[in-house]
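Report on the structure
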Amino acid sequence: MTATEQTNEPGWRERHASTIRMARLYARTFRNNGSAMLGLGIITVFLLAVLLGPWIVPYPEDATGAINLANKLQPPSASHWFGTDEVGSDVFTRVVIGARVSLQIGLIVTGIAMFIGVPLGIIAGFVGGWVEEAIMRVTDVFLSVPGLILAIAIAGVLGPGIFNAMLALSLVWWPGYVRLIQAKTLSLKSAIYVDAARSIGAGRLRIVFVHILPNCLSPIIVKGSMDMGMAILGAASLGFLGLGAQPPYPEWGAMISVGRNYLPDWWWYSFFPGMAIFLTVLGFNLLGDGLRDILDPKGRE
Amino acid sequence: MEKPLLEIRDYRLNFNTFDGVYHALDGVNLSVVAGQSLGIVGETGCGKSVTVRNVLGLLPSPPADVISGEILYRGKDLLRVDQKEMQRIRGSEIAMIFQDPMTYLNPVFSIGTQMVDAIMAQQKSLPREQRKNKREARQHAIAMLEKVHLPNPEKQIDRYPHELSGGMRQRVLIAMALSGAPKLLIADEPTTALDVTIQAQILDLIAELVEDMGLSVILITHDLGVVAKICDRVAVMYAGQVVEYGSVDDVFTRPRHPYTEGLLRSIPHPGRPPESLSGIPGFLPNLLSPPKGCRFFERCPKALEKCRETPPRISRPEKGAEALCHLYSEERGDA
Amino acid sequence: MLDVKNLTVGFPVRNRGEKAMLMAVNDVSLTLNKGDALGLVGESGSGKSTIGRTILHLNPSTSGHIALDGEEITRLSAAGERALRKRAQMIFQDPHSALNPRMTILRSVAEPLVLHTRLRGSALREKVGELLETVGLQKQFLYRYPHELSGGQKQRVCIARAMALNPELLVLDEPTSALDVSVQAQILEFLKSIQQQKSLTYLFISHNLAVVRYMCNRVAVMYLGKIVEQGPTEEVFKAPRHPYTKALLEAVPLPEAGQSRRTAPLGGDIPSPLNPPTGCAFHTRCDKAIAGKCDRVPPPEVDFGHGHVASCFLGVEGQGTTGEKIRELA
């Protein structure tokens, strides 16, 4: 770029003034939403645990199931904030490290679900005809069976294990995205700006990728955020039933599953992993709600 | 001059929004004489709908915040009546119809069911022996449908809203509004969603109700033609103020306010060969921080230096005509 | 320049569970010369928008022919359609929804150029800036999003986008009916001036007779998928021949004092286009309808000279018509 062009061409700030303004507005709307901020706070703590986990926990070796029977089933104390479990591992360490497992589960399950669901939804909505019929009927079949039950069945067939649990959850999670995106695509397909794009000669691919997909992003983000929490809950449920992660793997559901044998006297063993699940799911849901509020175009006017 | 049926005096209303205080209405003065029709005309954002919403207590507060003024209906201030009294006034004294009838008709009930419900609800304030039973209410509903010239009312009354055309739905809504025999009908853009020939029918009906039944009407519209056709008086609104107010004959033949002149020069006349249109350049001022002087100053071709700083006051260039403009206070020297 | 012959457009619909064909446009013929502005007027269900959309291949046609400069464009290959886009463009009714809310004005206006030319980078930005200037918008709008613009500004952006490829024909579908009158006036003035500057041809679709009289040199009045009258604008407005045109003109309230209040020229509703009346589609609302004739036989097209044509039996019976040629229609 020559010097003269540089003076003609507005700078980055100027070119993105609208985006900056919009981001500010989003931030302001979000800040004024108490529950969304609470959600954001919880998720921040959760992400900090994920990022810094191995360096901040007091007994890193306990995460992978170190045995220290002398310390077993100690109540919460200064040296073991959340107490210890039946083999003497520090529950606090295992809960913090468990955040990594949960995030991994959440990301992989929602990721795979989106990866299958969004393209199918767009194809169904945009192409129509028998293709739509076929995709939507298969989706309906999946949606008519309760997701967790189906996941239990799949995980049962595949055999227990964290990887199989994620696979099973992904396989039951995508239909929700198909429904959401198909409905959105149908309404966008008849939008006037899509007509306008056709009339200036935009091809089908361009219409899908430039005009339809970007306008589907808001609902995808909102649903994705809420599904993170639900997927973590789902994986924990499978773990609890013995179909997911296996002890001593530091997964919250599996921890509760073992810990419930020690209730009520050694309550801390299942209480703290339970709180971790509860707060994480709550956090993602509140965040999702908050995102819906700011991304909903009706709310913006 | 006759005593007005409804009088709005120095009405100021703000909306408390996220971005600050939006000065929606600033000192609105209007009146409707019994048996007459008043047209309120203006463009998007001028406050014409907001002005009449609170006649029936329809603006939620917050965000709406009445700063000053009164809305006097037969001497009673509607801004200060209690819920129960407002209930009584709605329907039996003042009724309202809107642009899109479909929004106000429930798609899952037949026309008859909804009309009977409305009639039954309206008579709650009456003593028990004067109330109609369901059968009588239905008879009354049919009579009302007949009054608004819905063809075959006995048959149509059992149909559902989606089975009727837009024009018929608007007739049903008018019948429903009139079923409590109100004295004043407020019609907010009643024909905007309709085709021209159907619009003509509905306007004809409204004119008939005024002429034959002595109904008073406030008609809100953006269409100058509609006002000119069926109204007696007209109020032109701009940026939350009534900038010109007078008889239709007067305002349309001799507009006083530069904004009214601009509006009239903006619309092509369907009955004459084309002349060039001028439009009104510029934009509505931001009512979050309204201009200090005249709200039309920025766009006014005749603006004086004092219009920038001093807000104009209502002046009466002639009997019965009012304009919110320095040009006339100047002429009469009473600024 | 544009020649539409016997165009029929039907949409398959389900009416109470039964498959039916909605004849939105029924055997319509139109001709536009270069530099013409033809107003297509009618009420809802008249099919006026469908004609515009069909010419631009946004709807398929059922039968009939469309030719642009003598070249048949009724059925086109993908390449032919691309070529058509450069020559004919459309402006839509609602500027608020005609722009992709996630695209900056720059990207929206650049889109046709990206699709059809090799302009990229700073040259593209330059060109878009010029286009915005021709529609009266400053360059500062380049990086704005549609929701930051007023209705009139958005419509100007849409015009800039449509003008990007220098089309010869513009189909304007109710371009100002979503705008306030003071803004409408500016847009109409502007559309008129660029039409003269670039000798564009307009197909101007509107329900607003005043706007059509202002903008167009010729006008065609549609009712239930058919053209009932067409001719030079001033002739049609001063001496309408078809009873429907007359009624339509009388129905418009005028912005002037001293009108009679009680004049609804037409009773009844517009019949459903799914099930249009036999014979002359207007006979159910026409006070001059001749029983046994208008309700049975489609009316003939009567030529009143200067291309002023109306489809009505009354014309045949002589209403002071000079040298008319009578053509029976099918």
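Residues numbered from 1 in each chain as written. Chains lettered and ligands numbered in written order. Predicted model: local features only at pLDDT ≥ 70, side-chain atom pairs only at ≥ 80, totals over all residues. Heavy atoms only, no water.

**Notes on the sheet that holds strand β1 (residues 4-17) of chain B**
Heads up, the condition is: Being paired, for any two strands, means DSSP has found at least two bridges between them. The secondary structure listing takes helices from DSSP runs of H or I that are at least 4 residues long and strands from runs of E that are at least 2 residues long, numbered from the N terminus.
Across the sheet, which stays open at both edges, the four strands sit in the order β2-β1-β4-β5 (chain B) with antiparallel pairing between neighbours. The two strands at the open ends of the sheet, each matched to only one other strand, are β2 (20-33) and β5 (76-77) of chain B.

**Things to note about the UniProt feature "domain: ABC transporter" (unreviewed entry) in chain C**
Operational definition: UniProt positions are given in the numbering used here, feature names are shortened, and annotations may be inferred rather than shown by experiment.
Per the UniProt record, "domain: ABC transporter" (unreviewed entry) is found at residues 2-249 of chain C. Secondary structure over residues 2-249 of chain C splits into 38% helix and 29% strand, and the C-alpha atoms at its two ends are 27 Å apart.

**Observations regarding the interface of chain C and chain B**
Note the following rule: What makes two residues a contact is simply this: any of their non-hydrogen atoms within 4.5 Å. Throughout, buried area stands for the accessible area (probe radius 1.4 Å) lost by two parts on being put together, summed over both. The salt bridge definition used is simple: a Lys or Arg side-chain nitrogen within 4 Å of an Asp or Glu carboxyl oxygen. Any pair of nitrogen or oxygen atoms within 3.5 Å is treated as a polar contact; in protein, a donor-acceptor pairing is required on top of that, and neighbouring residues in sequence qualify only through side-chain atoms on both sides.
Of the residues lining the interface, 43 residues belong to chain C; the matching set on chain B comes to 50 residues. When chain C packs against chain B, close to 3900 Å² is buried across both sides, 56% of that on carbon and sulfur atoms. If you sort the residues of chain C by the area they bury against chain B, Pro255(C), Arg261(C) and Arg262(C) come out on top, with a joint share of 20%. At the boundary of chain C and chain B, one finds two salt bridges. Of the charged contacts, one joins Arg272(B) and Glu256(C) as a salt bridge, the two residues approaching to 3.2 Å between their closest N and O atoms. At the junction of chain C and chain B, the tally comes to 20 residue pairs in polar contact (both at pLDDT 80 or more). Looking at the side of chain C that touches chain B, the elements that each hand over two or more residues are α6 (181-198), α7 (209-215), α8 (233-238) and α9 (243-251) of chain C. Counting residues per element, the side of chain C that touches chain B draws most heavily on α6(C), which supplies nine residues.

**Things to note about the packing of helix α3 (residues 17-31) of chain A against helix α12 (residues 268-295) of chain A**
Residues and elements named next belong to chain A. Short version of the rule: In this analysis, axes come from line fits to C-alpha atoms, helices being fitted only over the stretch in contact, and the angle between any two N-to-C directions falls in the range 0 to 180 degrees. Here roughly perpendicular refers to angles of 65 to 115 degrees, roughly parallel to angles under 35, roughly antiparallel to angles over 145, and oblique to all remaining angles. The handedness criterion is simple: a crossing whose near helix is rotated anticlockwise from the far helix by less than a right angle is left-handed, and one whose near helix is rotated clockwise is right-handed.
Contact pair α3 / α12: the axes reach a minimum separation of 9 Å and the direction vectors enclose 130°. It follows that α3 is oblique to α12 by the angle criterion. Judged by the twist between their axes, the crossing of α3 over α12 is right-handed. Residue-level contacts link Tyr 26, Thr 29 and Phe 30 of α3 to Leu 287, Gly 290, Leu 291, Ile 294 and Leu 295 of α12.

**Some thoughts on the side chain of Thr176(C)**
By the element assignment, Thr176(C) lies in the loop between β7 (169-173) and α6. Once residues lying within four places of it in the same chain are set aside, the contact partners of Thr176(C) are Gln184(C), Ile187(C) and Leu188(C).

**With respect to a nonpolar patch on the surface**
Applied cut-off: Residues with no salt bridge and a relative accessible area higher than 30% make up the patches, which join like charges within 9 Å and nonpolar side chains (Val, Leu, Ile, Met, Phe, Trp, Tyr) within 5 Å. Throughout, the Shrake-Rupley method with a 1.4 Å probe supplies accessible areas, and for residues the shown protein chains are the sole cover considered.
Taken together, the side chains of Leu263(A), Trp267(A), Phe271(A), Met275(A), Phe278(A) and Leu279(A) make up a nonpolar region of the molecular surface, amounting to roughly 540 Å² of accessible area. Tracing the sequence through the fold places Trp267(A) in the loop between α11 (252-259) and α12.

**Side note on the pattern of salt bridges**
Residues and elements named next belong to chain B. Spelled out, the test is: With a 1.4 Å probe rolled over the protein chains alone, any residue whose accessible area is under 20% of its type maximum counts as buried; one over 50% counts as exposed, and the rest are partly exposed.
A complete count under the given rule lists 38 salt bridges over all chains for this structure. With a closest N to O distance of 3.2 Å, Glu 70 and Arg 9 form a salt bridge. Here Glu 70 is found in strand β4 (residues 64-73), whereas its partner Arg 9 is found in strand β1, with 61 residues between them in sequence. The exposure class assigned to Glu 70 is partly exposed, which follows from its relative accessible area of 28%. You can call Arg 9 partly exposed: its relative accessible area is 36%. Notably, a salt bridge pairs Arg 80 with Asp 77, separated by 2.3 Å at the nearest N-O pair.

**Notes on the nonpolar core**
Heads up, the rule is: Buried residues of nine kinds, namely Ala, Val, Leu, Ile, Met, Phe, Trp, Tyr and Cys, make up a nonpolar core once their side-chain atoms join them within 4.5 Å.
By size, the foremost hydrophobic cluster in this structure holds 98 residues, and its most contacted members are Leu30(C), Ile159(C), Tyr202(C) and Met215(C). The residues contacting Ile159(C), other than those within four sequence positions of it, are Ile91(C), Val135(C), Ile187(C), Phe190(C), Leu191(C) and Ile194(C). The next biggest cluster of nonpolar side chains, apart from the first, holds 65 residues, and it includes Ala175(B), Ile206(B), Val217(B) and Leu219(B).

**A few points about the pairing of strand β10 (residues 226-232) of chain C**
All names here are of chain C. With five of seven residues buried, β10 lies mostly within the body of the structure. Here strand β9 (residues 218-223) runs beside β10; their pairing, made up of six bridges, is antiparallel. Bridge pairing links Val 221 to Glu 229 in β10. Hairpin geometry of β9 and β10 is characterised by an intervening segment of two residues between the two adjacent antiparallel strands and by a positive phi of about 50° at Leu 224. Taken together, the two bridges between β10 and strand β12 (residues 309-311) define a ladder with antiparallel strand orientation. In the sheet register, Glu 229 faces β12, and the bridge partner there is Ala 310.

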